[in-house]
Amino acid sequence: ETYNVTVAAGHPPVFRWVRMISEQFIPTVQAGLEGSGHTMTFSEQYGGAIAGVGEELEAVEAGLAEIGTCQALFDPAKLAVQNVTYYTPFVSDDVRQVATTVDAMHDDNPDMLRAYADNGVVYIGAPIGIDDYLLMTNFPVDSLDDLDGRKIAAPGAAINWLSGTGAVGVAGNLTTYYNEIKTGVYDGVIVFASAALPGKLYEVAPHITKFGLGAQYAGSLCANEAWYDALPDEVKAALEAGADAAMQWYHDDLESFVEIALTKMQEAGATVTEATPEMRAQWADGMDNAARVWADELDAQGRPASAILSAYMDAMRAAGATPLRDWDKE
Amino acid sequence: MRRILRALDGATQAANVAGSLLILVLMALVGLDVAGRNLFGAPVPGVPEMVTLSIVAIVFLQIPQALRAGRMTRSEAVPGWLSRRAPWAGRMLETLFDLLAIAVVWVILRSTWPIFTRAWDRGEFIGALGDFTVPVWPVKATILLGCALLIAQFAARILRRWAGGAA
Amino acid sequence: MSPFDIGLIALAAMFGTVLLGLYVPVALMVCSFAGVWAIKGSPLLASKLLALAANDAISSYFFGVVPLFVLMGFVVSEAGLGRDAFDVANAMFRRLRGGLGVGTVGANAIFAAITGISIASAAVFTKIAVPQMIRHGYAPRFAVGVVAGSSVLGMLIPPSLLLILYGILTEQSIGDLFIAGIGPGILLAVFFAVGIVAMAIFTPRFVGRPDDVDDGALRPAEMLRKGLPIAGLIVLVLGGIYAGIFTPVEAGAMGAIGALALGFAMRRLTWGKLWTVLVDTGMVTATICFLIIAAQMYSRMLALSGVPGGIGAWAAGAELGFWGLMLLYVAIVIALGMILDSSSIMLILVPLMLPVVVPMGIDLVWFGIVTVLAVEIGLLTPPFGISVYVIKATLDDDSITLADIFRGAAPFALMMLAVLLIVIAIPSVATGLLPGR
Ligand code: NA
Ligand code: NA
């Protein structure tokens, strides 16, 4: 049988998590189907051609696309529990560890999968990891006191990370960071290296401090539930193999790029400083436990966020991470 | 008949007023945010989210009045020429257009309904939990309201066209 | 019938129904619905596409500030500040034929430095400039043409939403893109100004009869009294942005607050007038945003049909060499500009072209300026020309038809094409201000 599949992504194909679809997912799926008697042709609709960022899940649910990038980060109401990493900073700066852990939770934790089922979609894998968040500022950070009264932009839930630092958290957007730091609307941002280099943020915020705020999980590939359920097992297996290949490629490429990004930014005159353990501890200890607030709010809506929070923290500790705060146990 | 049309225009006007007030609220919110951030180091949380939601509400609250006031975009050359040359054919064409509009806005209304009920049932929000969230159902409700008023205004155009002075 | 064929039919249907006089958003929505139904074979799926676009297409921070920029302009106009500004411009350029038109271009270039979106420029200057130009004897068609043409400066001179979008699509520095937009923006403004003077001299019937009655130079005190308030507002907004007090997106609200304060302080604004302005702002915003929603539905339908992707892939694979590729690209962008909105064209074409232009060693910042200039020509071309629609909605004057505005804007579209070719031939017009290029 021949399947015509539309793949939707809100981001354009310069983003690694969109490139992984063309570069790995599709070829691997097609290779896996060879000799099975099935073929799959793909219509790739990226950059908001049929669904914008954060609208992909709805488009997949509606059946306008069979497969899409379900961006938990940009769709926090529908994939609420998937945002667990953004409420638990200072857990791990290893992006592959975070992504693999969240991916594995989708294999064996029914609570994780329920969020997809509630929205008429199926998780098929290829988790999108985001490399360790850094603090980039236009002033040197020698101690946490240097942050006092400074305006620091942060995306979405990461604004909670600034509680207790004395900095003023401003809701920001990657696309406008450069100009707004340049004019002085913000004095710095919380951002990841693989975005900071192409955005040239090191020009306006050349003081890069690695606090180990943590790598994150942003989303995954998902498929329309009715369409997926009707697929024969060998086709489902091919999709899964494609997702695994995409995950491997994505994180290989990302990890090598993060190295390059940090080197290039330093070559361009930026300073990269590791925060001392005391500074990190001071930041982490001063924070409100936003994970608790988040989990309680979702629990009250009947969504098992507390259970997910513990499961995630346990899995990360088991994987060898050393969280600065045990967000689940406080 | 005339009473119904007057009530419809009243409702359309009321939606329009609500939209205008919302624009003022947006202006004030952004102003407070800027002042809070610069003067007190305390930005108003959630302003981008409020702006994001409000624009949709403003559009659907005010588009029915824009139609009533003859502001909706169209090329008037052919209808104008036709209504001078063959008034009856002109009215038929205009009526066909209004019916098409009613049909397509109904499609939007009908398929937005499940989006609204789900947002209501599940308490869907935008923003970040722990910092600031707003429920999205009120905006979905204004889309429904705007579409309903728009359909009614298109229907009123047909009535006024064929009933002449009686409506 | 293949989806591609359906897409082509949907293009023809859109042209046809708009020319017949169907409301433009309704035409776009009906064609989208029928198109998706035909492509996917499911009316239910088609209705879902419409609903998702209606709910999401304009739901963003950037669209959210459109009414605030429009409000600022309308308050400026209602408080008579616009009229004052034009008296000053008229006095300064009174020896120049078409001087008021030149003044409009200049004012638009300044306003462009505070707004990131051409819709706002078009709405604001329709209110401020068109009545003044007509009062001074310009042909209505020419007056609206000047406003339509100069509104495109809003997205070329930074800040610019289109350049931000291009920066995201290509991972280019938005700061570099902004700097690269300045040269072509100024060049375009100069072309417009020279073109207006030339048209006033050589095609007086098109321009009208700007009154030769020389009111005489304004006395310096008078000039100050009339010029200071609006100059103060511009300084407030520009200064606020460049001093880092607020963002370009927030500038709309800050400008509106400033204009309101000025209007009330000068006792030129009453609560009644404010209310009229608010209602007007809402209706213009609603009209235009409703159009944008419909255009998004149409663009999503076309994407599913594969027509724009097919054309782009064909151009990308044609192996034409630099000039051949550039000219073909510009031709396709302009053709799509007739039927799609600016951001849709960029979203569809830019990712397709990237793999072709990158190996050719083309400077992506320069390519961005070329793209934005070409895309912006579409703001002025029928049947879907958003700047023209904004002017029509703002004008609320049945004696000036859509066709009049399109005709008035045509010479400006041609001048844009000329500037575009210059930028292609001499890249340093765009990239000259950038260090290290
Ligand atoms: Na601008
Ligand atoms: Na056009």
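Per-chain numbering applies: the sequence of each chain, read as written, is numbered from 1 onward. Just so you know, chain letters begin at A and ligand numbers begin at 1, following the order they were written in. Selection of residues for local features in this predicted model requires a pLDDT of at least 70, selection of side-chain atom pairs for listing and counting requires 80 or more, and totals for whole chains, interfaces and linings are taken over all residues. Only hydrogens and water are set aside; all other atoms, that is, all heavy atoms of the structure, feed into the side-chain values.

Comments concerning the overall build of chain B
Consideration 1: Secondary structure elements follow DSSP: runs of H or I of four or more residues count as helices, runs of E of two or more count as strands, with numbering from the N terminus. Within chain B, the regular secondary structure consists of five helices and two strands.
Consideration 2: Reading the secondary structure of chain B in the N-to-C direction produces α-α-α-α-β-β-α.
Consideration 3: Each of the 167 residues in chain B was classed as buried or not, and the buried ones make up 53%.
Consideration 4: Sequence separation of at least 24 residues holds for 74% of the intrachain contacts in chain B that already meet a minimum separation of 6. For every residue, the accessible area (1.4 Å probe, protein chains only) is compared with the maximum for its type, and the residue is labelled buried under 20%, exposed over 50%, or partly exposed between those bounds. Any two residues whose heavy atoms approach within 4.5 Å are treated as being in contact.

Examining the environment of A430 of chain C
Residues and elements named next belong to chain C.
Consideration 1: Structurally, the position occupied by A430 is in helix 22 (residues 428-431).
Consideration 2: The spacing of A430 and L49 is 381 residues in sequence and 39 Å in space, taken between C-alpha atoms.
Consideration 3: With residues near it in sequence (within four places) discarded, A430 still touches I179, A180, P184, W366, I369 and V423.

Digging into the interface of chain B and chain A
Consideration 1: At the junction of the two partners, chain B supplies 14 residues and chain A supplies 23 residues.
Consideration 2: Overall, the association of chain B and chain A removes approximately 1,500 Å² of surface from exposure, summing both partners, and the carbon and sulfur fraction of that is 55%.
Consideration 3: A side-chain nitrogen of Lys or Arg and a carboxyl oxygen of Asp or Glu constitute a salt bridge if their distance falls within 4 Å. The tally of links from chain B across to chain A stands at one salt bridge.
Consideration 4: Across the pair E61 of chain A and R118 of chain B runs a salt bridge whose closest N-O atoms are separated by 2.7 Å.
Consideration 5: When residues of the side of chain B that touches chain A are traced back to their parent elements, those giving at least two are helix 1 (2-39), helix 4 (87-122) and strand 1 (125-128) of chain B.
Consideration 6: Each residue gets one label: Ala, Val, Leu, Ile, Met, Phe, Trp, Tyr, Cys and Pro are nonpolar, Asp, Glu, Lys and Arg are charged, and the others, such as Gly, are polar. Each residue belonging to the side of chain B that touches chain A can be placed in one class, and the counts come to five nonpolar, four polar and five charged. The term buried area means the drop in 1.4 Å probe accessible area that two parts suffer when joined, counted for both and summed.

Points about the UniProt feature "transmembrane region" (unreviewed entry) in chain B
Consideration 1: Per the UniProt record, "transmembrane region" (unreviewed entry) is annotated on residues 12-30, 50-67, 88-109 and 141-159 of chain B.
Consideration 2: Span residues 12-30 of chain B is 100% helix and 0% strand, its end C-alpha atoms 28 Å apart. UniProt positions are given in the numbering used here, feature names are shortened, and annotations may be inferred rather than shown by experiment.

Section: the side chain of R300 of chain C
Consideration 1: The topology assignment puts R300 of chain C in helix 15 (residues 271-305).
Consideration 2: Here the side chain of R300 of chain C touches I50 of chain A through a polar contact of 3.4 Å, landing on its backbone oxygen.
Consideration 3: Throughout this description, a polar contact denotes any pair of N or O atoms lying within 3.5 Å of each other; where both atoms belong to protein, one of them has to be capable of donating a hydrogen while the other can accept it, and for residues adjacent in sequence the pair is counted only when both atoms sit in side chains. Within the structure, R300 of chain C has its side chain in polar contact with the side chain of E55 of chain A (distance 3.2 Å).

Quick word on the packing of aromatic side chains
Residue and element names in this part refer to chain A.
Consideration 1: Ring pairs are drawn from Phe, Tyr and Trp, using the six-membered ring of Trp, whenever the two centres fall within 6.5 Å, and their geometry is named by plane angle: stacked under 30 degrees, edge-to-face over 60, tilted for the rest. In the structure shown here, the tally under the stated rule is 28 aromatic pairs over all chains.
Consideration 2: The interplanar angle of 70° and the centroid separation of 5.9 Å between the aromatic rings of F90 and W283 together place this pair among those described as edge-to-face. In this pair, F90 sits in the loop between strand 3 (67-70) and helix 3 (95-108) while W283 sits in helix 10 (residues 277-286), placing the two residues 193 residues apart along the sequence.
Consideration 3: For F90, a relative accessible area of 1% corresponds to the buried category.

With respect to unusual backbone geometry
Consideration 1: Omega for the bond connecting P158 of chain C with P159 of chain C falls within 30 degrees of zero, at -5°, which places this linkage in the cis form.
Consideration 2: Looking at the element boundaries, P159 of chain C is found in the loop between helix 9 (140-151) and helix 10 (161-170).
Consideration 3: In the segment running from P382 of chain C into P383 of chain C, the intervening peptide bond is cis, with an omega of 0°.
Consideration 4: As for its placement among the helices and strands, P383 of chain C is situated in the loop between helix 19 (364-377) and helix 20 (386-395).
Consideration 5: For K200 of chain A, which is not glycine, the phi torsion reads 55° and is therefore positive.
Consideration 6: Following the sequence through the fold, K200 of chain A ends up in the loop between helix 6 (193-196) and helix 7 (201-204).

Some thoughts on the state of the cysteines
Consideration 1: Disulfide: a pair of cysteine sulfur atoms within 2.5 Å of each other. According to the stated counting rule, one finds one disulfide over all chains in the structure shown.
Consideration 2: Residue C147 of chain B stays outside any disulfide, its sulfur separated by 15 Å from that of C289 of chain C, the closest cysteine.
Consideration 3: Exposure remark for C147 of chain B: the relative accessible area of 2% places this residue in the buried category.
Consideration 4: Considering cysteine sulfurs only, C147 of chain B is the nearest to C31 of chain C, which forms no disulfide, with 18 Å between them.
Consideration 5: You can call C31 of chain C buried: its relative accessible area is 9%.

Quick look at the interface of chain B and chain C
Consideration 1: Contact residues are listed per partner, giving 51 residues for chain B and 57 residues for chain C.
Consideration 2: When chain B packs against chain C, the two sides together hide about 4,800 Å² of surface, and 75% of this comes from carbon and sulfur.
Consideration 3: Summed over the three residues of chain B that lose the most area to chain C, namely M27, R71 and T73 of chain B, the buried surface amounts to 17% of that side.
Consideration 4: In this assembly, chain B and chain C are joined by three salt bridges.
Consideration 5: A salt bridge links R71 of chain B to D396 of chain C, with the shortest nitrogen-to-oxygen separation between them at 3.2 Å.
Consideration 6: There are 13 residue pairs in polar contact (both at pLDDT 80 or more) connecting chain B and chain C.
Consideration 7: When contributions to the side of chain B that touches chain C are tallied by element, the ones reaching two or more residues are helix 1, helix 2 (47-68), helix 3 (77-85), helix 4 and helix 5 (137-163) of chain B.
Consideration 8: Element by element, the count of residues in the side of chain B that touches chain C is highest for helix 1 of chain B, at 14 residues.
Consideration 9: Taken together, the residues of the side of chain B that touches chain C break down into 33 nonpolar, eleven polar and seven charged.

Re the packing of helix 8 (residues 118-135) of chain C against helix 20 of chain C
All names here are of chain C.
Consideration 1: Under this scheme, a helix contributes an axis fitted over its contacting stretch, all axes are lines through C-alpha atoms, and angles between N-to-C directions fall in the 0 to 180 degree range. Interaxial distance between helix 8 and helix 20 falls to 9 Å at its minimum, and their mutual angle equals 40°. On the basis of their axis angle, the class for helix 8 and helix 20 is oblique. Taken as a pair, helix 8 and helix 20 cross one another with a handedness that is right-handed. Contacts from S118, I119, A122, A123, T126, K127 and V130 of helix 8 reach helix 20 at S387, V390, I391, T394 and L395.
Consideration 2: Across the contact of helix 8 with helix 20, the residue classes break down as seven nonpolar, four polar and one charged. An angle below 35 degrees is treated as roughly parallel, one above 145 as roughly antiparallel, one from 65 to 115 as roughly perpendicular, and anything else as oblique. A crossing counts as left-handed when the near helix is turned anticlockwise from the far one by less than a right angle, and as right-handed when that turn is clockwise.

Quick look at the pairing of strand 4 (residues 121-130) of chain A
Residue and element names in this part refer to chain A.
Consideration 1: With ten of ten residues buried, strand 4 lies mostly within the body of the structure.
Consideration 2: Inspection of the sheet shows strand 4 paired to strand 10 (residues 216-224) by seven bridges, in the antiparallel sense. Residue pairing for strand 10: G125 is matched across the bridge by L221. Paired strands, in this sense, are two strands between which DSSP finds at least two bridges.

A closer look at helix 9 of chain C
Consideration 1: To estimate how far a helix should reach, multiply one less than its number of residues by 1.5 Å. With twelve residues, helix 9 of chain C should reach 16 Å at 1.5 Å per residue; the first-to-last C-alpha distance of 17 Å fits that figure.
Consideration 2: Three or more residues of helix 9 of chain C are buried, namely F142, A143, V144, G145, V146, V147, A148, G149, S150 and S151 of chain C.

Remarks on helix 11 (residues 290-300) of chain A
Residues and elements named next belong to chain A.
Consideration 1: Every buried residue belonging to helix 11 is among A290, A291, W294, A295 and L298, and all of these are buried. Within helix 11, the buried residues cover an arc of 130° as seen down the axis, which keeps them to one side.
Consideration 2: Structurally, helix 11 contributes buried residues whose contacts are with helix 12 (305-318).
Consideration 3: Where helix 11 ends, the next residue or the one after it, G302, has phi of about 80°, a positive value. Here the arc refers to the directions that run from the helix axis out to each C-beta atom.

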